[in-house]
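Spelled out, the chains give:
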Amino acid sequence: MKMFHNITKRSFGFNILVIFGLVVLLGILFFMSLGFLTRHGEEVTVPDVRGKSIKDATTALEGLGFEVEVRDSIYIDTMPALLVYEQTPERGDVVKSHRTIYLTVNKVVPPMVPMPDLEGLTYRSAEMTLRARRLNIGDTIYKPDFATNTVLQQLLNGKPIKPGKEIPEGSNITLVLSSGTGSMENPVPETVGMTYMEAREVLAASNLNIGTVLIDGGVTDTLGAFVFRQSPPRRNELGELNLIRAGESVDLWLSATRPVKDSTAPVQNPPAEQ
C-alpha cells in the first residue's frame, strides 16, 4: 500500500517516464537473452554418417547435439542392411546445433517386383527395362538366331522366368541373346522318325531353331509325337544334301504314329556327306 501511495502521489509525467524506462529495460533484457534462447552462433558442421550403422550414426550425431530421425528406407543390393544410405542435411553443411538430421537406411528385406517381358527386345532396351525395375543384368549367353542382339530368353538362377512373376528387387537376370545366323552352311539334320523331344535336342545341338510345328489331330502327347516331315528336308529331289546356317529354323510335322519308310523306293547314290 505504501508503494502504491508513493506511485500515486507522483506526477503523471513521472509515472509515464518510469513505465517507459521499464519497457526499455525489459526490451534490452529480451534481446540480450535472444541469442541464448535461439542458440545464435552455435553452429556445427554435419558429419558424414553414410555407410554407418543406424546405431553408430545416431551416436555420432547426438554427440554433436543433433536430433536423429529415420525418414525413409531404400533397398541397395550391394549394400549391407540397416546402413545409412543418405542424410539430410548433407555432410559438410553448417547448421545450428540441435537440428534434426534425417536418415535414409538400407532395407533388410528386398521388395518384390514383377518380372518384365524382355523377349524380343534389343539388349539396350532390356537393360533399361531392368534398371527401371531395380533389377540387374547377370550373364549374357549368345545363341545363333536371325535377329542379332535381341533377347531370345530370360533366365533367373539358370531357369526360364515368366513375365509378371514376383521376384526380389536386385535379382540378376541372365539374358540369352541372338548372335545372328552363322556364316557357314552345314547339312540339314534328319529328324523324320524321331520323337518331337529327340528332334528338339538334335536341332539345338546344330544351333538350329524350331520353326512352325504342325500337329495331327490324333496327337495327345506332343513331346512323344513322331516327326513324319520336316522343312527343309535332309535331301532335295536330286538326293543332294540341303544346307542350312546356324540360327535358321526347321519346320516340323508331328503324328501319333512313327512313320514307315518305303522300302520299295529306289535307292539313290547321293554324294558322300562332308
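Above this text sits the structure in question.
The model shown is predicted, which means the values in this text are computed figures rather than measured ones.

Its place among the elements puts Val-113 in strand E6 (residues 112–114). With a relative accessible area of 11%, Val-113 lands in the buried category. Considered as a pair, Val-113 and Arg-134 are 21 residues apart in the sequence and their alpha carbons are 8.4 Å apart.

Below, the discussion takes up the packing of aromatic side chains. Taken as a whole and assessed by the stated rule, the structure comprises 0 aromatic pairs. Taking the ring centre of Trp-253 as reference, the NZ or CZ of Arg-229 above it sits at 4.2 Å.

This part takes up the sheet that holds strand E16 (residues 249–255). Pairing is mixed in the open sheet, where 3 strands are placed in the order E13-E16-E14. Each having just a single partner strand, strand E13 (209–215) and strand E14 (226–231) make up the two edges of the open sheet. In this sheet, adjacent strand axes meet at a mean angle of 30° when their direction is disregarded. Both E13 and E16 contribute to a ladder of 5 bridges, which runs parallel. When the bridges of E16 are listed, Asn-209 appears paired with Ser-249.

The rules behind these values
Residues numbered from 1 in each chain as written. Predicted model: local features only at pLDDT ≥ 70, side-chain atom pairs only at ≥ 80, totals over all residues. Heavy atoms only, no water. Helix = DSSP H or I, 4+ residues; strand = E, 2+ residues; numbered from the N terminus. Buried < 20%, exposed > 50% of the residue type's maximum accessible area, 1.4 Å probe, protein only. Phe/Tyr/Trp six-rings, centres within 6.5 Å; stacked < 30°, edge-to-face > 60°. Lys NZ or Arg CZ within 6 Å of the ring centre and 35° of its normal. Pairing = 2+ DSSP bridges. Axes fitted to C-alpha atoms, helices over the stretch in contact; angles between N-to-C directions.

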